[in-house]
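Secondary and tertiary structure notes
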Amino acid sequence: MNSAIQYAKENQEKYVNELIEYLRIPSISTLESHKNDMLTCANFVADKLKTAGMTKVKLYKTKGNPLVYGEWMKAKGKPTILIYGHYDVQPVDPIELWDNNPFEPVIKDGKIFARGANDNKGQNFAHIKSVEAFFNTERELPVNVKFIIEGEEEVGSENLSTFLAKNHDLLACDAILISDTSLYAPNIPTLNYGLRGLTYMEVTLTGPNRDLHSGSFGGSVANPINELAKIIAQLQDKNGKVTIPNFYKNVKPITKKEKENFESLKFSDKKYAKELDVKELQGEKGYSTLERLWTRPTLDCNGIFGGFTEKGAKTVLPSKATAKISMRLVPGQDPKEIAKEFTKFVKSITPKSCKVEITELHGGKPVLIDLNNKYLEAASKATSKAFGKKTVYTREGGSIPIVLEFMENLQAPAILMGLGLDSDNIHSPNEHFHLNNFERGIYSSIYFLDLVKDLK
Ligand code: BES
Ligand code: ZN
């Protein structure tokens with residue numbers, strides 16, 4: 001194990017250069033125009049798994065982008081760790097706010113800047129390199145390892161979900177190791193034990209059958225943008241509570257112990273507000289910021305469009321307006337049920353003067369991981385050793401749709417070993433990843449695989 005660490009240390013520069021190659025591939029899953037890049041990227045990952053020493057490396061076709069699989073199952077009687085990650089990335093817009101081309105990685109101040117640097121190429125690459133370090137020093141791994149790296153996490157993981165339902169044996173394991181989340185703060189090793197879920201809806205209001213002159217017609221018919229804005233405004237009350245009936249019905253309050261853990265993290269509202277350049281934080285009344293982020297459901301408009309949006313002015317009363325609205329969910333809430341309640345409520349508050357069309361985009365179930373498990377304990381020791389500090393436990397506000405399905409189908413705990421930082425600008429211009437977190441991620445993974453070898 002120590003020789004693997006040594007090897008990883010000595011080969012850091014080579015690893016970073018390979019990560020740069022990975023980041024050059026514009027694997028944006030939501031844009032049809034990037035279909036070929038998805039395949040190129042899947043093949044790149046497969047190649048890297050092979051050179052790392054994995055066997056049975058294969059692309060599994062799906063209705064969407066291929067899944068990349070590889071395994072090494074020669075550690076008889078030892079546990080099997082399934083390592084999950086995603087090679088797809090988010091779109092780059094608004095491109096003009098990037099300081100470099102998002103697919104021409106740049107290293108500055110110990111950080112690598114590119115789309116996908118943190119989310120999730122940098123983080124999953126750390127695990128591929130940890131395995132490579134073992135094979136190149138000890139010729140074998142201390143445990144059995146399977147990799148499944150998908151190309152559709154950012155669009156809801158539906159095809160992986162279908163694949164999982166049919167391939168239970170292929171993916172069977174004792175624990176699922178995932179790095180697609182954040183450290184609590186720089187240099188603080190962190191394990192995340194919760195993820196929020198998601199329901200994502202699109203609402204289109206149609207007023208008159210065509211765009212109209214706002215002078216000739218303004219005042220006679222409904223303006224769908226005005227009406228949509230009123231609807232959105234009605235979805236939350238003045239205390240920041242979502243007004244959709246039954247929205248909070250199954251939300252469980254957090255335990256006293258959890259509250260104490262959050263308090264021990266010494267979160268500073270002031271520092272947070274300053275970092276985001278806002279005078280004041282805002283959200284559901286009666287809860288601390290960490291509680292609101294990690295344990296309370298929310299509703300946010302992610303995009304709204306209609307009418308004239310170019311520079312300058314055009315007097316128009318538009319025919320249509322659309323809003324994309326997402327809700328982050330917490331344990332107890334079911335994405336499908338929430339979608340139904342949302343649809344019913346929005347229909348009920350839409351005025352007769354407009355037609356409404358509501359569609360559900362993707363979603364994901366919330367996750368809460370039992371802290372009482374030996375794989376998590378090993379992960380805590382491993383990350384603590386790699387970072388040289390005590391590991392903290394946090395929940396996350398983001399979602400990873402497949403995690404609950406993995407846990408239920410494979411009957412194994414998920415280990416969320418976050419390596420990113422919330423300040424890394426994921427899904428945003430100038431996304432980056434700290435190279436020291438990449439390095440410590442590789443060490444964490446090496447220590448973890450070694451520490452779990454006797455857990456079976
Ligand atoms: N890596 C993120 C999830 C994440 C972000 C976890 C921040 C913790 C902190 C992941 O790639 C992601 O963006 N997930 C989507 C899921 C959605 C598209 C179903 C999300 O959370 O919006
Ligand atoms: Zn993401």
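The rules behind each value
Residues numbered from 1 in each chain as written. Chains lettered and ligands numbered in written order. Predicted model: local features only at pLDDT ≥ 70, side-chain atom pairs only at ≥ 80, totals over all residues. Heavy atoms only, no water. Near = heavy atom within 4 Å. Polar contact = N/O pair within 3.5 Å; in protein donor to acceptor, adjacent residues only side chain to side chain. Areas by Shrake-Rupley, 256 points an atom, 1.4 Å probe, with all protein chains shown as cover. Nonpolar A, V, L, I, M, F, W, Y, C, P; charged D, E, K, R; others polar. Salt bridge = Lys/Arg side-chain N within 4 Å of Asp/Glu carboxyl O. Pairing = 2+ DSSP bridges. Helix = DSSP H or I, 4+ residues; strand = E, 2+ residues; numbered from the N terminus. Axes fitted to C-alpha atoms, helices over the stretch in contact; angles between N-to-C directions. Contact = heavy atoms within 4.5 Å. Disulfide = S-S within 2.5 Å. Buried < 20%, exposed > 50% of the residue type's maximum accessible area, 1.4 Å probe, protein only. pLDDT = per-residue confidence, 0-100. Expected span 1.5 Å × (residues − 1). Donors = N, O, S within 2.8 Å, 3.2 Å for Na, K, Ca; no water. Tetrahedral: all angles 85-135°; square planar, octahedral: opposite > 155°, others 65-115°. Phe/Tyr/Trp six-rings, centres within 6.5 Å; stacked < 30°, edge-to-face > 60°. Lys NZ or Arg CZ within 6 Å of the ring centre and 35° of its normal. Parallel < 35°, antiparallel > 145°, perpendicular 65-115°, else oblique. Left-handed = near helix turned anticlockwise from the far one by under 90°.

Glancing now at the site of ligand 1. Residues in contact with ligand 1 amount to 15 residues; listed here are only the nearest, Glu153, Asp180, Arg328, Ser399 and His427. Between ligand 1 and Arg328 there is a distance of 2.8 Å, counted from an oxygen atom to a side-chain nitrogen or oxygen. Take His427: an N or O atom from its side chain is 2.8 Å from an oxygen atom of ligand 1. Burial of ligand 1 by the surrounding chains reaches 91%, relative to a free accessible area of 520 Å². Considered class by class, the residues forming the shell around ligand 1 number three nonpolar, six polar and six charged.

A few words on the pattern of salt bridges. In the structure shown here, the tally under the stated rule is 20 salt bridges. Three or more residues joined by partner-sharing salt bridges are found here, namely Lys14, Glu18, Lys48, Lys129 and Glu132.

The strand order across the open sheet formed by four strands is β11-β13-β9-β14, and the pairing between neighbours is antiparallel. The sheet is open, and its two edges are formed by β11 (298-306) and β14 (355-364), each paired on a single side. When the angles between neighbouring strand axes are averaged without regard to direction, this sheet yields 20°. Bridge count between strand β9 (residues 197-206) and β14: eight bridges; the pairing is antiparallel. Across the sheet, the residue bridging to Thr206 is Lys355, located in β14.

Pairing is antiparallel in the open sheet, where three strands are placed in the order β4-β5-β18. Strands at the two margins of the open sheet, each flanked by one partner only, are β4 (106-108) and β18 (432-434). If you compare each strand with its neighbour and ignore which way they point, the axes differ by 25° on average. Against the sheet, helix α4 (residues 117-138) contacts β5 (111-113) and β18, and its axis sits at roughly 45° relative to β18. In this fold helix α14 (residues 435-451) packs onto β4, β5 and β18, with an angle of close to 60° to the strand it touches most, β18.

Turning our attention to the state of the cysteines. In this structure the tally under the stated criterion is zero disulfides. Looking at Cys301, it has no disulfide partner, and the nearest cysteine sulfur is the one in Cys354, 16 Å off. Cys301 sits in the partly exposed class, given a relative accessible area of 34%.

Attention now goes to the confidence of the model for the protein chain. The share of residues in the protein chain with pLDDT of 70 or more is 100%, and the mean pLDDT across the chain is 97. Across the protein chain, element-level confidence peaks in strand β6 (residues 144-150) with a mean pLDDT of 99 and bottoms out in helix α8 (residues 256-264) with 94.

Across its twelve residues, helix α2 (residues 12-23) extends 16 Å between first and last C-alpha, which sits within 8% of the 16 Å expected from 1.5 Å per residue. Along α2, the residues classified as buried are Gln12, Tyr15, Val16, Glu18, Leu19, Ile20, Tyr22 and Leu23.

In the first shell of the zinc ion (ligand 2), the protein supplies Asp119 (OD), Glu154 (OE), Glu154 (OE) and His427 (NE2), at 2.0 to 2.5 Å from the metal. What the six donor atoms of the zinc ion (ligand 2) show is an angle range of 56 to 157° at the metal, which sorts the shape as irregular. Between consecutive donor residues of the zinc ion (ligand 2), the sequence gaps follow D-x34-E-x272-H. Here Asp119 is found in helix α4, whereas its partner Glu154 is found in the loop between β6 and α5 (158-166), with 35 residues between them in sequence.

With the rule as written, the count across this model stands at twelve aromatic pairs. Considering the side-chain rings of Tyr184 and Trp294, the 6.4 Å spacing of their centres and the 70° angle between planes classify their relative orientation as edge-to-face. In this pair, Tyr184 sits in the loop between β7 (175-178) and β8 (190-195) while Trp294 sits in helix α10 (residues 289-294), placing the two residues 110 residues apart along the sequence. Given the relative accessible area of 22%, Tyr184 is considered partly exposed. Note on Trp294: relative accessible area 8%, which makes it buried. When the ring of Phe247 is compared with that of Tyr248, the centres are 5.1 Å apart and the planes differ by 80°; the resulting orientation is edge-to-face. An aromatic cluster of three or more residues is present, and its members are Tyr22, Phe44, Phe125, Phe433 and Phe438. Seen from the ring of Phe113, Lys108 lies directly overhead, with NZ or CZ sitting 5.1 Å from the centre.

Within the element layout of this structure, Thr289 appears in helix α10. What makes Thr289 buried here is its relative accessible area of 5%. For Thr289, the side chain forms a polar contact with the side chain of Asp269, separated by 2.7 Å. Apart from residues no more than four positions distant in its own chain, Thr289 is found in contact with Phe267, Asp269, Tyr272 and Leu281.

Running from N to C, helix α1 (residues 2-10) and α14 cross one another at 165°; their axes reach a closest spacing of 10 Å. As judged from the angle between their axes, α1 and α14 are roughly antiparallel. In the packing of α1 onto α14, the handedness of the crossing is right-handed. Here Ala4, Ile5, Ala8 and Lys9 of α1 come into contact with α14, specifically with Glu439, Ile442, Tyr443, Ile446 and Tyr447. In terms of residue class, the contact of α1 with α14 is made up of seven nonpolar, no polar and two charged.

Checked against the element boundaries, Lys320 lands in strand β13 (residues 320-329). Lys320 sits 183 residues away from Thr137 along the chain, and the two C-alpha atoms are 63 Å apart. Separated by 3.1 Å, the side chains of Lys320 and Thr206 make a polar contact.

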